[in-house]
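This is what each chain is made of:
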Amino acid sequence: MIEDRRASVIVSDDFFYSIAGKVSLSGVYIQDLVVPFDGSPIGQLVFFFTIETPKERPFKTVSIKIQFPGQEPKFTPIPIFPRVFQTDPRRTKIVIKQPILIQQISLSPGKIQATVIHEEGEIDAGVIWIVLATDAPPTNTQPEI
């Protein structure tokens, strides 16, 4: 059976809401998060979750778990109601888009695991790896010819 509930996450340095209700992400990580040394402090990271469920199976509860290497997991409940869902009757899914701000973090090499916990279980939303600058491959800024 294909899982009909899904989640994904984008990690960035910052975000803001516009007056029109849009979210702008700044400093999106598309590869590993590179730190200069083990235990590097960082002011904040933003985890932008997209969570989907079929319209006929709305979530009763949703919580986010973010697990940094060598640290206790951080849990954030997501309020379900009152929440304005898409109203077009042709839509087949309920989609929740939620930024989670984590501040004052000490980063060590390893993986950051993002998980969505709901009343029926857990959904793996993705992983971003933290690597030391000395272990990161060099960045090629020139296109190969």
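Everything numeric here is computed off the predicted structure, so don't read it as measured data. (Residues numbered from 1 in each chain as written. Predicted model: local features only at pLDDT ≥ 70, side-chain atom pairs only at ≥ 80, totals over all residues. Heavy atoms only, no water.)

### So, the nonpolar core
Residues Phe-47, Phe-49, Ile-51, Ile-66, Phe-68 and Val-116 are the most contacted members of the largest nonpolar core, which totals 29 residues. Going through the elements one at a time, β1 (6-17), β3 (33-35), β4 (40-54), β5 (62-67), β7 (93-107), β8 (110-118) and β9 (121-132) are the ones with two or more residues in this core. Ignoring any residue separated from it by four or fewer positions in sequence, one finds Phe-47 in contact with Val-9, Ile-10, Val-11, Ile-66, Phe-68, Gln-98, Pro-99, Ile-100, Ile-102 and Ile-112. (Core = buried A, V, L, I, M, F, W, Y, C linked by side-chain atoms within 4.5 Å. Buried < 20%, exposed > 50% of the residue type's maximum accessible area, 1.4 Å probe, protein only. Helix = DSSP H or I, 4+ residues; strand = E, 2+ residues; numbered from the N terminus. Contact = heavy atoms within 4.5 Å.)

### Remarks on unusual backbone geometry
Even without glycine at this site, Gln-104 takes up a positive phi of about 50 degrees. The topology assignment puts Gln-104 in strand β7. When its relative accessible area of 67% is taken as the criterion, Gln-104 is described as exposed.

### What about the side chain of Thr-115?
Within the secondary structure, Thr-115 is located in strand β8. A relative accessible area of 7% means that Thr-115 is categorised as buried. When neighbours within four sequence positions are excluded, Thr-115 is seen to be in contact with Ser-63, Ile-64, Lys-65, Glu-122, Ile-123 and Ala-125.

### Some remarks on the pairing of β5
Within a regular strand, the side chains alternate between the two sheet faces. For β5, the tally of buried residues reaches five of six residues, placing the bulk of the element in the interior. Two elements, β5 and strand β6 (residues 74-78), share five bridges in a ladder whose sense is antiparallel. Note that in β6 the partner of Ser-63 across the bridge is Pro-77. Here β5 runs beside β8; their pairing, made up of six bridges, is antiparallel. By the bridge assignment for β8, Ile-64 is matched with Val-116. (Pairing = 2+ DSSP bridges.)

### A look at the sheet that holds strand β2 (residues 23-28)
Across the sheet, four strands lie side by side as β2-β1-β4-β7; this open sheet has antiparallel pairing. Both outer strands of the open sheet, β2 and β7, are each paired with one neighbouring strand and no more. In this sheet, adjacent strand axes meet at a mean angle of 50 degrees when their direction is disregarded. Alignment of β4 against β7, held across 14 bridges, turns out to be antiparallel. Bridge pairing in β7 links Phe-48 to Pro-99. (Axes fitted to C-alpha atoms, helices over the stretch in contact; angles between N-to-C directions.)

None of the figures reported here should be taken as evidence of function without further support.
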